[in-house]
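Each chain, letter by letter, is given below.
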Amino acid sequence: MRRAALAQGRSNLVIINSCAVTAEAARQARQAIRRIKRERPGAEIAVTGCAAQIDSARFAAMPEVSQVIGNAEKTSPESWADLGRSSVSEIMTAKTAPHVLSEGVEDHTRAFLAVQTGCDHRCTFCVIPFGRGPSRSVPMEDIASAARRLADKGFCEIVLTGVDLTSYGTDLCGAPSLGQLVISILRAAPKLERLRLSSIDCIEADADLIDAFAHEPRLMPHLHLSLQSGDDMILKRMKRRHSRADAVRFCSELRQLRPQIVFGADVIAGFPTETDAMFENTLQLIADCDLTHLHVFPFSARPGTPAAKMPPVAGEVIKARAKRLREAGDAALGVHLALQTGKTLPVLSERGGTGRTEDFTRVKIGDFPPSQMINVVIAGNDGKMLEARSLALDLLEPARNHGAQALVCNT
Ligand code: SF4
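Throughout, residues of each chain are indexed from 1 in the direction in which the sequence is written. Side-chain atom pairs in this predicted model are given and counted only at pLDDT of 80 or more, local residue features only at pLDDT of at least 70, and totals for whole chains, interfaces and linings cover all residues.

Visitor: Can you lay out the sheet that holds strand E2 (residues 44–49) for me, pointing to particular residues and giving the numbers?
Guide: Judged by pairing direction, the sheet is parallel, and its three strands sit side by side in the order E1-E2-E3 without closing on themselves. The open sheet has two edge strands, strand E1 (13–18) and strand E3 (67–68), and neither has a second partner. We call two strands paired when DSSP finds no fewer than two bridges between them. The secondary structure listing takes helices from DSSP runs of H or I that are at least 4 residues long and strands from runs of E that are at least 2 residues long, numbered from the N terminus. Of the strand pairs in this sheet, E2 and E3 are connected by two bridges, and their pairing is parallel. Note on E3: the bridge partner recorded for Val47 is Val68. Residues are treated as contacting if the C-beta atoms built from their backbones sit within 7 Å of each other. To obtain an axis, a line is fitted to C-alpha atoms, over the contacting stretch when the element is a helix, and the angle between two such axes runs from 0 to 180 degrees between their N-to-C directions. Sheet strands touched by helix H2 (residues 23–39): E1 and E2. Its angle to E1, the strand with the most contacts, is close to 170 degrees.

Visitor: Quick one: what's the story with helix H7 (residues 178–188), residue by residue and with numbers?
Guide: Around each residue's C-beta, the other C-beta atoms within 10 Å are counted; 20 or more make the residue buried, 12 or fewer make it exposed, and counts in between make it partly exposed. All C-beta atoms are placed from the backbone. Taken together, the buried positions of H7 are occupied by Leu178, Gly179, Leu181, Val182, Ile183 and Ile185. Looking at the packing, one finds that the buried side of H7 touches helix H6 (140–153), strand E8 (194–197) and helix H8 (207–215).

Visitor: Which residues make up the packing of H7 against H8, and what values do they have?
Guide: Put simply, H7 and H8 touch, their axes get as near as 6 Å, and they point 45 degrees apart. The angle between H7 and H8 falls in the class oblique. In this structure, H7 uses Leu178, Gly179, Gln180, Val182 and Ile183 to contact H8, whose residues at the interface are Ala207, Asp208, Leu209, Asp211 and Ala212. Amino acids outside the nonpolar list (Ala, Val, Leu, Ile, Met, Phe, Trp, Tyr, Cys, Pro) and the charged list (Asp, Glu, Lys, Arg) are all regarded as polar, and Gly is one of them. Here the residues of the contact of H7 with H8 are counted per class, giving six nonpolar, two polar and two charged. Roughly parallel here means an angle under 35 degrees, roughly antiparallel means over 145, roughly perpendicular means 65 to 115, and every remaining angle is called oblique.

Function-wise, these values are silent; they only describe arrangement.
Structure representation (structure tokens):
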């Protein structure tokens, strides 16, 4: 979007890519717009993203906003041509797949490839399908060649993103699966060191994807699961497609195939009708699935969704349950961090003196250039991230991510 706007000569422009996943996210977008206008009164403000798509009239009515651009239009260069020309099309009939961003993003260590957008599910709490439209996928050949270009440009890591990633390909000729896509990317981009998936729906993971986790070391041993609850009745009321047992089985099978794998998950605290016992099932899921990275969302009713009409849980109960889940998540992360002490781990360095291990755990590495693959010895942790022992970390030659490269360090 930045490149497209700059190409149209719009250098004094602030783009707000808004989120609608919770009411709070949409409120924060409006707050950010007002703050930015105060800080930069001369700048134009354009708003896009899901909150702008779902409630374009509200954003267009804000005096601070010069332009509202829909999700289907935001990656098209023409949309950024005219100040004041808002364009938000009917997303529910959108047919076009996302634009493949094969140039990478400035200042980013890893490249993100949006391979799918939209969602055909209707989870009862969610407004995202109304912001992103039906599920659409980018053809496999386009993604494979984009991945090759990115790897040739020097990106060590690519993350595949999508709204409902595991529905990848169902709209394409021959219905290629996400697993087949992963294999084709790794074949097409031999220089690529790390391929990572964003969030997936465990019940939709295909056999090729599971097989790839077992056999492809360049597919990173980290999965973020959209679990949402650990109680079967709540999962049913959410209209999710997996049961508690499915989630536990999936994690255990994957761990058998790839013992280093680490799981993260999204969970919602205080979904309508959730009793204490139902909540305890969710809390217990952290241990039963051995989850490490937890994203906790206190339930927030989105107008127009079926869940907004269900009997709500009291606000203070939602808060208290979210707190307990976060504490349990912090404890689980603490256990994982402690287990890494003394290990030598390959890390991809980022800006700001940190990097990520293969399983996406953050490591403090000190002053070191970004986008480098290095091996570090883990000295300890600060409860949130790992700490590397060495201050002088030697660069590895390229493509040493998975070999048993000895650590070279000066301490
Ligand atoms: S799978 Fe459910 S939660 Fe995820 S985007 Fe689709 S409707 Fe929303």
